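Chains, contacts and geometry: an overview
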Amino acid sequence: MWKFFHQMASPPYFYRLAATLIPWFAIPGLILIAYGAYAGLFLVSMDYQQGDAFRIIYVHVPSAYLSMMAYMMMAVGGGIGLIWRLKLAHAVGAAAAPLGAAFTFLALVTGSIWGRPMWGTWWEWGDPRLTSELILLFLYFGYMALRSSIDDTAKADKASAVLALVGVVNVVIVHFSVEWWSSLHQGQTVFKKGTMDADMRIPLFAMLIGFSFVFGAMLLRRLRTEVLFRERRTRWVRELVLSPEGGK
Amino acid sequence: MKPRQQRMLAVGLAVVGVAVAAGLTLRAFEENMMFFVEISDVIAGEYPSERNFRIGGLVVADSIQREEGSLDLRFSVTDTRCELDVSYTGVLPDLFREGQGVVAHGRMADNDLFIADKILAKHDENYMAPEVAESLGKHVQDQTASLGGRSSECETG
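Bear in mind that the values here come from a model prediction, so they are computed numbers and not experimental data. (Residues numbered from 1 in each chain as written. Chains lettered and ligands numbered in written order. Predicted model: local features only at pLDDT ≥ 70, side-chain atom pairs only at ≥ 80, totals over all residues.)

Moving on, we come to the overall build of chain A. Check the secondary structure of chain A and you find eight helices and zero strands. The linear arrangement of helices and strands in chain A, starting from the amino end, is α-α-α-α-α-α-α-α. Overall size of chain A, expressed as C-alpha extent along the three principal axes, is 60 × 35 × 30 Å. The buried share among the 248 residues of chain A stands at 39%. Sequence separation of 24 or more characterises 76% of the internal contacts of chain A that already satisfy a separation of 6 or more. (Helix = DSSP H or I, 4+ residues; strand = E, 2+ residues; numbered from the N terminus. Buried ≥ 20, exposed ≤ 12 C-beta atoms within 10 Å, placed from the backbone. Contact = placed C-beta atoms within 7 Å.)

What follows covers the overall build of chain B. When helices and strands are tallied, chain B shows five helices and seven strands. In chain B, the succession of α and β elements from N to C terminus is α-α-β-α-β-β-β-β-β-β-α-α. Burial analysis of chain B (157 residues in total) assigns 24% to the buried set. Intrachain contacts of chain B at a sequence separation of at least 6 include 56% that bridge at least 24 residues.

On to the interface of chain B and chain A. In this complex, chain B contributes 33 residues to the contact, which on the side of chain A involves 34 residues. Secondary-structure elements contributing two or more residues to the side of chain B that touches chain A are helix H1 (3–28), strand E7 (113–122) and helix H4 (130–135) of chain B. The biggest single contributor to the side of chain B that touches chain A is H1 of chain B, with nine residues. Taken together, the residues of the side of chain B that touches chain A break down into 23 nonpolar, three polar and seven charged. (Nonpolar A, V, L, I, M, F, W, Y, C, P; charged D, E, K, R; others polar.)

Taken domain by domain, chain B comprises domain 1 (3–32) and domain 2 (35–145). On a C-alpha basis, the centres of domain 1 of chain B and domain 2 of chain B stand 39 Å from each other. (Domains from an automatic or database assignment.)

Let us now look at the nonpolar core. Ranked by internal contacts, the top residues of the largest apolar core, which has 57 residues, are Met-74 and Ala-96 of chain A. Where this core is concerned, the elements lending two or more residues are helix H2 (11–43), helix H3 (57–84), helix H4 (87–118), helix H5 (128–149), helix H6 (153–180) and helix H7 (198–230) of chain A. With 14 residues, the top contributor of residues to this core is H3 of chain A. With 28 residues, the next largest nonpolar core counts Trp-114 and Trp-119 of chain A together with Val-77 and Cys-82 of chain B among its residues. (Core = buried A, V, L, I, M, F, W, Y, C linked by C-beta atoms within 7 Å.)

Our next topic: the packing of H5 of chain A against H6 of chain A. Residue and element names in this part refer to chain A. Between H5 and H6, the least distance of the axes is 9 Å, while the angle of their chain directions is 170°. Comparing the axis directions of H5 and H6 gives the class roughly antiparallel. Note on element contacts: H6 touches H5 through Ala-156, Ala-159, Ser-160, Leu-163, Ala-164, Gly-167, Asn-170, Val-171, Ile-173, Val-174, Ser-177 and Val-178, opposite Pro-128, Arg-129, Ser-132, Glu-133, Ile-135, Leu-136, Leu-139, Gly-142, Tyr-143, Leu-146 and Arg-147. Residue classes in the contact of H5 with H6 are distributed as 14 nonpolar, six polar and three charged. (Axes fitted to C-alpha atoms, helices over the stretch in contact; angles between N-to-C directions. Parallel < 35°, antiparallel > 145°, perpendicular 65-115°, else oblique.)

When pLDDT is low, close inspection of the predicted coordinates is not appropriate. Residues and elements named next belong to chain B. With 89% of its residues at a pLDDT of at least 70, chain B reaches an overall mean of 83. Taken element by element, the predicted model of chain B shows its lowest mean pLDDT in helix H5 (residues 140–145) (46) and its highest in strand E5 (residues 83–89) (92). Here residues 140–146 is a poorly scored stretch, pLDDT under 50, and it has 14 contacts once near neighbours within four places are set aside; other chains count. For this predicted complex, the interface score ipTM comes out at 0.80, while the overall pTM is 0.88. (pLDDT = per-residue confidence, 0-100.)

Quick look at the pairing of E7 of chain B now. Residue and element names in this part refer to chain B. Pairing geometry for E5 and E7, over four bridges, is parallel. Note on E7: the bridge partner recorded for Asp-85 is Leu-113. As paired elements, strand E6 (residues 101–109) and E7 share nine bridges and run antiparallel to each other. Paired with Gly-101 across the strands is Lys-122, a residue of E7. (Pairing = 2+ DSSP bridges.)

Two numbers describe how H3 of chain A lies on H1 of chain B: the axes approach to 8 Å, and their chain directions differ by 150°. Contact residues: H3 of chain A offers Gly-79, Leu-82, Ile-83 and Trp-84 of chain A, while H1 of chain B offers Arg-4, Arg-7, Met-8 and Val-11 of chain B. Tallied by class, residues from the contact of H3 of chain A with H1 of chain B come to five nonpolar, one polar and two charged.

All names here are of chain B. As for its placement among the helices and strands, Thr-25 is situated in helix H1. What makes Thr-25 exposed here is the crowd of 10 C-beta atoms within 10 Å. Residues Thr-25 and Glu-67, spaced 42 residues apart in sequence, show a C-alpha to C-alpha distance of 46 Å.

Another aspect to go through is the environment of Arg-238 of chain A. Residues and elements named next belong to chain A. With respect to the secondary-structure elements, Arg-238 resides in helix H8 (residues 235–242). We classify Arg-238 as exposed; it has 12 C-beta atoms within 10 Å. Distance from Arg-238 to Gly-93, taken between C-alpha atoms, is 25 Å for residues 145 residues apart in sequence.

We now examine H5 of chain A. Across its 22 residues, H5 of chain A extends 31 Å between first and last C-alpha, which sits within 8% of the 32 Å expected from 1.5 Å per residue. Every buried residue of H5 of chain A is listed here: Pro-128, Arg-129, Leu-130, Glu-133, Leu-136, Leu-139, Tyr-140 and Tyr-143 of chain A. (Expected span 1.5 Å × (residues − 1).)

Residues apart from glycine generally show negative phi values, whereas peptide bonds are mostly found in trans. Although it is not a glycine, Arg-85 of chain A sits at a positive phi angle of roughly 55°. Relative to the assigned elements, Arg-85 of chain A resides in the loop between H3 and H4. Although it is not a glycine, Thr-80 of chain B adopts a positive phi angle of roughly 75°. Along the polypeptide, Thr-80 of chain B turns up in the loop between strand E4 (72–78) and E5.

And the structure:
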């Protein structure tokens, strides 16, 4: 068990493993997204109140889900990095942050586009769900800014890990905001029974899993680059780059 | 304690500390975290009188009265216990209809009337096909027929 973890954390081993794993994430992910998008846009019936506008849920919910998951990965990676001094765990945070920010942005934009015709507003200050999701975006920006402002990788890792851990409380707030307080944003649909017809729900789950897989593939790809950069002065990277395959 | 355990404790305490601090702050500002005030609270007199605020509830069936040739509108909003009259002039969101959840921003006039300057439609967490909705009898009238009238549970302040 421990041997496996030690092996995983060894940069050259991880670098090769990630390359093998990427297609196993990317291909099923893309197939699921292709199915989910087609079913969601063309096969599924429209909503009894919102008409066709509800179909944006097939992008909005997976994006919002990943905006929180990416942050949790960043925070857990930071925590493991601080406690066990595992460099690879810090690299996970560094690789996940821009992806998380992108999905947060996508969730905010799709929500806004839906909100204009349905609620009658692009944006409402004071809504706890909307505001906490925007704070999540700013936390990602802060995390990336902090990282890039410190030249020493070890110091940058520590400082940004602390920031990521402090921000976890906001992810909890994003999730429970619609339950704790009155809000314009509707409550939980996805994991609640009886809120959505099965034929509407199945493509949504396909999109959720598909988005997660593609996120995994993108994360692994970014991690490989991150590992290569962090290990740029080591012998294995030198050997890898000078080898006939040239870093494959 | 080993250094690793010390770090574990430090990380754990930091996360718990931030959570407690955030929890206490949010509790202190609970009123401001609420997007809208419940109708029952408005009727009971628990609303900010010196500034504008939002109310939220369902539009009562058969309560919408439009002024001919203008955008003036009057309707009642209920939280299934209490009812409040709302007046509004302007354009309404697509989802605005009887039985629909709405959020109105504005202020209280003295005579139990809420004067709204902005109406938003609130959508619930239910999604279904029109045919399904029909077979479930999800007709607006059915849904709010029982919501009309001020029930005995409603306490005025």
